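Inside the fold
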Amino acid sequence: MSDKEDSMDASDSHDMKNGRTSLLDSGEDFEVLDEEDIDDDPPPLEDAGGGKGKNTDENKNTDPVDPEQEWLDVLGNDLLKKKVLEAGAGRDSRPQKGQNVKINLKTYLKDGTPAAEEPNISFTLGDGDVIQALDLTVQLMEMGEKALVQTDAKYAYGARGSLEPEVPPNAELSLEVELLEATDAPDLELLPPPEKIALASHKRERGNVHYQRGDYAFAVNSYSIALQITESNSKVDISPEEENELMDVKVKCLNNMAASQLKLDHYDAALKSCVSALAHQPDNIKALFRMGKVLALQGEYTEAIQTLRKALKLEPSNKTIHAELSKLVKKHSEQRGAEQAMYKKMLGNPTSGSSSTQEHRVKSSWGLSWKWLFGATAVAIGGVALSVVIAARN
């Protein structure tokens with residue numbers, strides 16, 4: 001790797017000059033001798049090159065320092081390391097989270113292939129505007145410092161890779177970073193409306209990048225930052241058109257946040273985002289669609305169907321909404337059928353039970369009729385016999 005190795009060689013020589021990686025200038029390797037003690041004759045051959053003579057201990061002390069000691073294991077997992085190539089202005093000059101920083105950046109693949117060279121990159125430290133490797137290591141850099149960063153794909157472009165810069169999936173990277181400046185973030189209340197709209201849009205677009213890579217938690221973070229910008233008070237004049245544009249960015253952030261929260265199975269949070277979006281734009285089709293999906297996942301099928309029907313009414317040709325609604329109606333119907341079968345099983349078979357009850361009642365009524373008829377006949381016969389006996393006595 002040409003550029004990288006050149007920079008590392010330069011840094012090694014620079015470090016040796018400053019006494020960080022070598023003990024040559026420390027006074028520990030060589031003792032100063034008086035002129036009268038200097039022997040012009042060369043040492044015996046057996047003592048040269050580390051024999052058993054006087055210089056044995058000195059040779060041990062001049063062993064090179066392990067280069068791995070120069071690396072800082074940022075996270076303690078050996079997946080993100082930082083090495084100082086040129087020292088900066090001191091620890092007090094390190095940037096703080098929330099500040100806007102500017103860097104020069106060179107990106108290399110693990111085999112040394114250059115991937116990108118990007119001068120004067122500006123981003124807000126800690127906002128997720130860049131890959132994690134930069135967000136985490138720039139915080140540890142001093143102003144004017146040049147550093148080499150080695151990162152696993154986990155803290156770079158992950159399993160998906162990147163088209164710009166061109167980075168393959170699961171690629172480990174080497175980054176050459178120079179910290180140029182750090183300034184405080186602007187006061188949002190004093191920010192002109194066009195700049196506020198542009199800043200919120202930039203944060204939202206960064207959230208979209210995270211979403212496309214499957215980093216849904218980072219996407220939610222970027223959308224939240226964008227929402228804070230859109231909801232901040234303004235001490236400068238803003239036109240109705242600018243207000244509408246800012247509101248449009250806000251609703252887009254809420255919609256995209258709901259989509260990310262759905263991916264994370266945070267249904268209550270996703271529903272809240274949809275409700276907030278619909279509070280500003282009641283006929284927003286995307287918000288209605290996602291709200292319908294959230295309600296369905298929460299088991300609220302009736303409300304979900306009503307919400308999706310409203311969305312389909314606003315856009316009858318939308319095949320996605322139509323397919324989701326059809327699937328939901330079918331699922332709801334199957335669920336109702338299953339519930340009815342469960343109720344029948346719990347309460348017994350009402351049809352067979354009622355018929356057997358009616359049959360029992362019919363049998364009981366016939367039994368009572370025969371008993372009544374037999375009793376009445378017995379009474380009548382007894383009455384006739386009693387009359388005959390009385391008449392005979394008379």
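Residue indices follow the written sequence of each chain, beginning from 1 at its first position. For a predicted model such as this one, the threshold for reporting local features is a pLDDT of at least 70, and the threshold for listing and counting side-chain atom pairs is 80 or more; totals across whole chains, interfaces and linings nevertheless cover every residue. Where side-chain values are given, they derive from all heavy atoms of the structure, hydrogens and water being excluded.

For helices the rule is a DSSP run of H or I covering at least 4 residues; for strands it is a run of E covering at least 2, with both sets numbered from the N terminus onward. Relative to the helices and strands, Asn-256 resides in helix H6 (residues 240–263). Apart from the residues within four sequence positions on either side, Asn-256 is in contact with Arg-204, Asn-208 and Tyr-223. By definition in these notes, contact holds between two residues if any of their heavy atoms fall within 4.5 Å.

What follows deals with the sheet that holds strand E3 (residues 100–109). If you trace the six strands from one edge of the open sheet to the other, you get E1-E2-E5-E6-E3-E4, paired in antiparallel fashion. Two strands lie at the open edges of the sheet, namely strand E1 (72–73) and strand E4 (114–124), each paired on one side alone. In this scheme, strands are said to pair when DSSP sees at least two bridges between them. Sheet analysis places strand E2 (residues 80–86) next to strand E5 (residues 146–151), joined by six bridges and oriented antiparallel. When the sheet's bridge partners are listed, Lys-81 is paired in E5 with Gln-150.

Note on aromatic contacts: the rings of Phe and Tyr and the six-membered ring of Trp form a pair at centre separations within 6.5 Å, being stacked when their planes are under 30 degrees apart, edge-to-face when over 60 apart, and tilted otherwise. Here the structure, examined in full by the defined rule, presents one aromatic pair. Arranged with centres 5.2 Å apart and planes meeting at 65°, the rings of Tyr-211 and Tyr-216 form a pair that is edge-to-face. Charge-over-ring contacts are defined here by two conditions on Lys NZ or Arg CZ: a distance within 6 Å of the ring centre and an angle within 35 degrees of the ring normal. The side chain of Lys-81 reaches across the aromatic face of Trp-71, ending 5.5 Å from its centre.

Before going further, it helps to examine helix H8 (residues 285–297). To estimate how far a helix should extend, the number of its residues minus one is multiplied by 1.5 Å. Over its 13 residues, H8 runs 18 Å from end to end, which matches the ideal 18 Å to within 8%, given 1.5 Å per residue. Positive phi shows up at Gly-299, right after H8, with a value of about 85°.

It is worth spelling out the pairing of E5 at this point. Summarising the sheet, E5 and strand E6 (residues 173–183) pair through six bridges and their orientation is antiparallel. Along E6, the bridge assignment pairs Thr-151 with Leu-173.

Turning next to the pattern of salt bridges. For this analysis, a salt bridge means a side-chain nitrogen from Lys or Arg found within 4 Å of a carboxyl oxygen belonging to Asp or Glu. Under the defined criterion, the tally for this structure stands at 11 salt bridges. Glu-70 is the partner of Lys-83 in a salt bridge, and the nearest nitrogen-oxygen pair spans 3.3 Å. With Lys-83 in strand E2 and Glu-70 in the loop between helix H2 (56–61) and E1, the pair connects residues that are 13 residues apart, well separated along the chain. Per-residue accessibility, obtained with a 1.4 Å probe over protein chains only, is compared with the maximum for each type, and a residue is labelled buried under 20%, exposed over 50%, and partly exposed between these values. Taking the relative accessible area as the measure of exposure, Lys-83 reaches 4% and is therefore buried. The partner of Lys-110 in a salt bridge is Glu-172, with the nearest N and O atoms 3.6 Å apart. Taken together, the residues span a long stretch of sequence, with Lys-110 in the loop between E3 and E4 and Glu-172 in the loop between E5 and E6 at a distance of 62 residues. Given a relative accessible area of 60%, Lys-110 falls into the exposed group. Judged by relative accessible area, which is 36%, Glu-172 ranks as partly exposed.

For the rest of this paragraph, the subject is the packing of helix H5 (residues 216–231) against H6. To obtain each axis, a line is fitted to C-alpha atoms, and for helices this fit is confined to the stretch in contact; angles are then taken between N-to-C directions over 0 to 180 degrees. Here H5 crosses H6 at 155°, and the two axes come no closer than 9 Å. Between H5 and H6, the angle is such that the two are roughly antiparallel. Classified by chirality, the crossing of H6 by H5 is left-handed. Facing Tyr-216, Ala-219, Val-220, Tyr-223, Ser-224, Ala-226, Leu-227, Thr-230 and Glu-231 of H5, the residues of H6 in contact are Leu-246, Val-249, Lys-250, Cys-253, Leu-254, Asn-256, Met-257, Ser-260, Gln-261 and Lys-263. Each angle receives one of four descriptions, namely roughly parallel if under 35 degrees, roughly antiparallel if over 145, roughly perpendicular if within 65 to 115, and oblique otherwise. Rotating anticlockwise by less than a right angle from the far helix to the near helix defines a left-handed crossing, while the corresponding clockwise rotation defines a right-handed one.

For Leu-199, the position within the fold is in helix H4 (residues 193–212). Residue classification places Leu-199 among the partly exposed residues on the basis of a relative accessible area of 25%. C-alpha separation for the pair Leu-199 and Thr-230, spaced 31 residues apart in sequence, amounts to 9.2 Å. Once residues lying within four places of it in the same chain are set aside, the contact partners of Leu-199 are Leu-188, Leu-191 and Ile-229.

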